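Read off the chains here:
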Amino acid sequence: EDSEGVYRRVNVRKRPGSVAIAAAIQSKYGIKAIPHIISQGFTKEETEYALIDLSFLDVTDLLLLRGDTKKLDAHQRAMDSHKHATGLQEQVNNFNKGIGYDGTEISASEVPFTYGMACYPEKHEESPNMESEIFYTKMKVDKGADYLVTQMFFDNRKYFEFVERCRDAGINVPIIPGIKPIHLNSQLTVLPRIFRTDIPEELEKELRKCNTDEDAKQVGVEWCINQCKELMDAGVPSLHFYSMNAVDSVSKIAKEIY
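Keep in mind that this is a model prediction, so the values were computed, not measured.

Could you clarify how one ought to interpret the overall build of the protein chain in this entry?
A count of helical and extended segments in the protein chain gives 10 helices and 6 strands. Counting the 258 residues in the protein chain, one finds 44% classified as buried. A fraction of 74% describes how many contacts in the protein chain between residues 6 or more apart in sequence connect residues 24 or more apart. Surface accessibility of the protein chain: about 14900 Å² in total, with carbon and sulfur atoms responsible for 51%.

I tried to follow the pattern of salt bridges on my own but got confused; where do I start?
Pairing between side chains becomes possible if they bear opposite charge and their charged atoms approach one another. According to the stated counting rule, one finds 9 salt bridges in the structure shown. Between Asp155 and Arg157 there is a salt bridge whose closest N-O contact spans 3.0 Å. With relative accessibility at 57%, the residue Arg157 sits in the exposed group. Residues joined by salt bridges that share partners form a network here, namely Glu122, Lys158 and Asp198.

I keep staring at the environment of Glu204 and nothing clicks. Help me out?
Within the secondary structure, Glu204 sits in helix H8 (residues 201-208). For the pair Glu204 and Leu188, spaced 16 residues apart in the sequence, the C-alpha separation amounts to 7.0 Å. Beyond its immediate stretch of four places on either side in the chain, Glu204 contacts Leu188 and Ile199.

Looking at this structure, how should I read the pairing of strand S3 (residues 114-119)?
Successive side chains on a regular strand alternate, one facing one side of the sheet and the next facing the other. Burial analysis of S3 places 5 of its 6 residues in the buried class, which makes it a mostly covered element. Note that strand S2 (residues 61-65) and S3 share 4 bridges and pair parallel. Residue pairing across strands places Asp61 opposite Thr114, the latter belonging to S3. The pairing of S3 with strand S4 (residues 147-152) spans 4 bridges and is classified as parallel. The residue bridging Cys119 from the neighbouring strand is Thr150, located in S4.

Sorry if this is basic, but what is going on with unusual backbone geometry here?
Leave glycine aside and you will find that most residues have negative phi; peptide bonds, for their part, are mostly trans. For Asp58, which is not a glycine, the phi torsion comes out positive at approximately 65°. For Asp58, the position within the fold is in the loop between helix H2 (44-56) and S2. Owing to a relative accessible area of 54%, Asp58 belongs among the exposed residues under this scheme.

What exactly am I supposed to notice about the environment of Gly220 here?
Tracing the sequence through the fold places Gly220 in helix H9 (residues 213-233). Judged by its relative accessible area of 3%, Gly220 is buried. In this structure, the C-alpha to C-alpha distance between Gly220 and Pro181, residues 39 residues apart in sequence, is 5.0 Å. With residues up to four places along the chain from it excluded, the contact list for Gly220 reads Pro181 and Ile182.

Looking at this structure, how should I read the packing of H2 against helix H4 (residues 85-97)?
Between two packed helices, what matters for the description is the angle formed by their axes and the separation of those axes. The contact between H2 and H4 brings their axes to 11 Å, and the two run at 45°. Between H2 and H4, the angle falls in the class oblique. Crossing hand, H2 versus H4: right-handed. Of H4, the residues touching H2 (which contributes Lys44, Thr47, Glu48, Leu51 and Ile52) are Leu88, Gln91, Val92 and Phe95. Its residues placed into classes, the contact of H2 with H4 shows 5 nonpolar, 2 polar and 2 charged.

Looking at this structure, how should I read the sheet that holds strand S1 (residues 36-38)?
Think of a sheet as strands paired side by side through backbone hydrogen bonds, with each pair either parallel or antiparallel. With parallel pairing, the 6 strands of this open sheet are ordered in space as S1-S2-S3-S4-S5-S6. Where the open sheet ends on each side, the last strands, each with one partner, are S1 and strand S6 (240-241). Two elements, S4 and strand S5 (residues 175-179), share 3 bridges in a ladder whose sense is parallel. Residue pairing across strands places Val149 opposite Ile176, the latter belonging to S5.

So, how was this worked out
- Residues numbered from 1 in each chain as written.
- Predicted model: local features only at pLDDT ≥ 70, side-chain atom pairs only at ≥ 80, totals over all residues.
- Heavy atoms only, no water.
- Helix = DSSP H or I, 4+ residues; strand = E, 2+ residues; numbered from the N terminus.
- Buried < 20%, exposed > 50% of the residue type's maximum accessible area, 1.4 Å probe, protein only.
- Contact = heavy atoms within 4.5 Å.
- Areas by Shrake-Rupley, 256 points an atom, 1.4 Å probe, with all protein chains shown as cover.
- Salt bridge = Lys/Arg side-chain N within 4 Å of Asp/Glu carboxyl O.
- Pairing = 2+ DSSP bridges.
- Axes fitted to C-alpha atoms, helices over the stretch in contact; angles between N-to-C directions.
- Parallel < 35°, antiparallel > 145°, perpendicular 65-115°, else oblique.
- Left-handed = near helix turned anticlockwise from the far one by under 90°.
- Nonpolar A, V, L, I, M, F, W, Y, C, P; charged D, E, K, R; others polar.

In structure tokens form, the structure reads like this:
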């Protein structure tokens, strides 16, 4: 709020953005970087500039996502953004062909972008049923997604059943399981509410015995180790860890399974 009593929006970001971080990882450590490109909260023009920069920096593998719409403010909701990840996918496809977001001709990349997209073994919150979920998942693949990464899940049966349904529908790209180690007591109720994922009864019983977050963290690590070992034994293409606020747990899990 300024001296005249008027609220003004001020963006403050005192850290590198996704483009810079991805380029640094790839150039300093020689590790392929796969930045997450989010459709919501960014304009189509901002997305195009990000694609131009990433292409120039030879970062050409992406994960295309819609993003969390619940965290958007009024300004972000009014942006000229893609409302769904499939719109973002179309923009990337056009960029590869030398077509800008506004239909104008641009220089096509020497190395076209490849990308993966999200899928939901327990159904996206906006999908009316699993048949609809499979329909939109297949649409992403038919339009060019090279692989899929699942939303977090804690019951491997949900993943195996989902993969089987996808294969029956003609979806044959790699489907990478998304793993999230529980590290807080509160996540027993928070994660199902926010991400629409079930907590298996056995895991729930162990978490209810926990008196502290440290106890819950240990249960989460042990559960994920067993979960990952079963998935790896089944021959999954790789594992994707949701590591936000759980880096220590992911590190412990990785040491046990690799």
